[in-house]
Structures are given as C-alpha cells and as structure tokens.
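Tertiary structure, described
The primary structure of each chain is shown beneath.
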Amino acid sequence: MRAILHADKKWGIGKNNGLMFKIPADMKFFKETTTGNVVVMGSNTLKSFPGGKPLKDRLNIVLYPDGEDRDDCKIVRSLDELFEEIKKYPSEKVFVIGGMMMYRTLLEYCTEVLVTKVDAVGDADAFFENLDENKNFELIHESEPVETNGYFVKFTTYKNLHPKAY
C-alpha cells in the first residue's frame, strides 16, 4: 500500500476539508497514478468530492464506521474490515488518499509515500507527518522543480524502511 498527497512547505495537506492549491500537474499525476487502482479514504475525503461521489475509474474503499452501504463505493466499518478488503488486491495498486486521520492511521503500513511538495504555504488546518524527520522513511526520488499554475512543485517518493504488515 502507498500513500499519495501534496504538501506545502510545512507539510500542510488541506484546509476546510479541501485542497489548499489548484495544481494541474499534481492533479494529472494523481489521476494517472491512481486510475485503474484502489483508493482508500476516510468519510470526510469522500464528502469533499463534488457531490460526495467517489472517484471514477477506481475502486473506492471508504472507512466510514457509521455510513450506509453504497453501490458506488465499498464502505468498511473498521480498520480490521479495511485490512481484510485491501488484502484482496496487490499492495502496489492500493493508494491511501486522505484525509489526515487516514494518513496517520495507515502511514506505518505504507511501503511508499508519493508527495508532491509545493513551494508555498497554504494556511493548512490539516497536516501530514514530516517524513524528512522520520527515521523510518528515506527520500528515494525527487524531481526537478516544475512550475504549474504559479507554483513550483517537486514530485518526491519516500520509502518506508520498516513497513508494518496488515
């Protein structure tokens, strides 16, 4: 399982249950990376999508303890149920996409974290752990800066040196 996100200079990942920046290159990378795969999220992330609808062309698995079953995505009620569901798929095809609590809960199980680093501060109210300060993670890839919609971004990959089994 991998995580995918964008973060500002302070590792901020969101504001008011939404994204802080409109970054076309990041959205393109996210879509290309996750399409045809499994995306795992919490209920607030699902609610933040237009119309509360899941992402197209992906299997959406939502940890939603009190949510109703839906035809357009797979609702799981507990972490145990989530792990049982994602074990059905190759781990490299499973992506944690938010929100903050899902990232915190599942980070230690992720083999890699794909972070689009935005060279800006977005006044976030939700944050991701600073992987540069986490001894269990190693930066294994960093692109050259790319300008997109007035922002400079770098596409990075962090490897979890000791991922926990689920």
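Going by the structure above, here's the rest.
Residues numbered from 1 in each chain as written. Predicted model: local features only at pLDDT ≥ 70, side-chain atom pairs only at ≥ 80, totals over all residues. Heavy atoms only, no water.

Focus: the pattern of salt bridges
Counted only if it meets this: One speaks of a salt bridge when a side-chain nitrogen belonging to Lys or Arg is within 4 Å of a carboxyl oxygen belonging to Asp or Glu. By the criteria applied, helices consist of DSSP H or I runs no shorter than four residues and strands consist of E runs no shorter than two, each listed in order from the N terminus. Burial classes: relative accessible area under 20% of the type maximum marks a residue as buried, over 50% as exposed, and values in between as partly exposed (1.4 Å probe, protein chains only).
Scanning the entire structure with this criterion turns up 11 salt bridges. For Lys15, the salt bridge identified is with Asp123, shortest N-O distance 3.1 Å. You can see Lys15 sitting in the loop between β2 (12-14) and α1 (24-34) and its partner Asp123 sitting in the loop between β7 (112-118) and β8 (126-127), a full 108 residues away along the chain. Judged by relative accessible area, which is 32%, Lys15 ranks as partly exposed. Residue classification places Asp123 among the exposed positions, given a relative accessible area of 55%.

A word on the nonpolar core
Short version of the rule: Only buried residues count toward a nonpolar core, which is a set of Ala, Val, Leu, Ile, Met, Phe, Trp, Tyr and Cys residues joined through side-chain atoms within 4.5 Å. Here a residue-residue contact requires only that any non-hydrogen atoms of the pair lie within 4.5 Å.
One finds Leu5, Val40, Leu106, Val113, Phe128 and Leu131 to be the most contacted residues of the largest nonpolar core, which totals 29 residues. At the level of secondary structure, the elements contributing two or more residues to this core comprise β1 (2-7), β3 (38-42), β4 (59-63), α3 (79-86), β6 (94-98), α4 (100-106) and β7. Among all residues touching Leu106, those that are not within four sequence positions of it are Met1, Val40, Leu79, Leu82, Phe83 and Val96. Formed by 13 residues, the second largest nonpolar core is a distinct cluster that contains Leu46, Cys73, Ile97 and Leu114.

Quick word on the environment of Gly51
Positionally, Gly51 belongs in the loop between α2 (43-48) and β4. Sequence separation between Gly51 and Phe83 is 32 residues, and the spatial gap between their C-alpha atoms is 27 Å.

Details of the packing of aromatic side chains
Which entries qualify depends on this criterion: Aromatic contacts are taken between Phe, Tyr and Trp rings whose centres are within 6.5 Å, Trp giving its six-membered ring; a plane angle under 30 degrees counts as stacked, one over 60 as edge-to-face, and the others as tilted.
Counted by the stated rule, this structure contains 8 aromatic pairs. Judged by centre distance (4.9 Å) and plane angle (65 degrees), the ring pair of Phe21 and Tyr151 falls under edge-to-face. Here Phe21, found in the loop between β2 and α1, pairs with Tyr151, found in strand β11 (residues 151-160); they are 130 residues apart in sequence, far enough to count as distant. The exposure class of Phe21 is buried, given its relative accessible area of 8%. Their ring planes at 80 degrees and their centres at 5.2 Å tell us that Tyr103 and Phe128 sit as a pair that is edge-to-face. With Tyr103 in helix α4 and Phe128 in the loop between β8 and β9 (137-142), this residue pair connects regions lying 25 residues apart in the sequence. The class for Tyr103 is buried, based on a relative accessible area of 6%. Overall, the relative accessible area of 6% leaves Phe128 in the buried class. A network of ring pairs unites the aromatic residues Trp11, Tyr103, Phe128 and Tyr158 as a single cluster.

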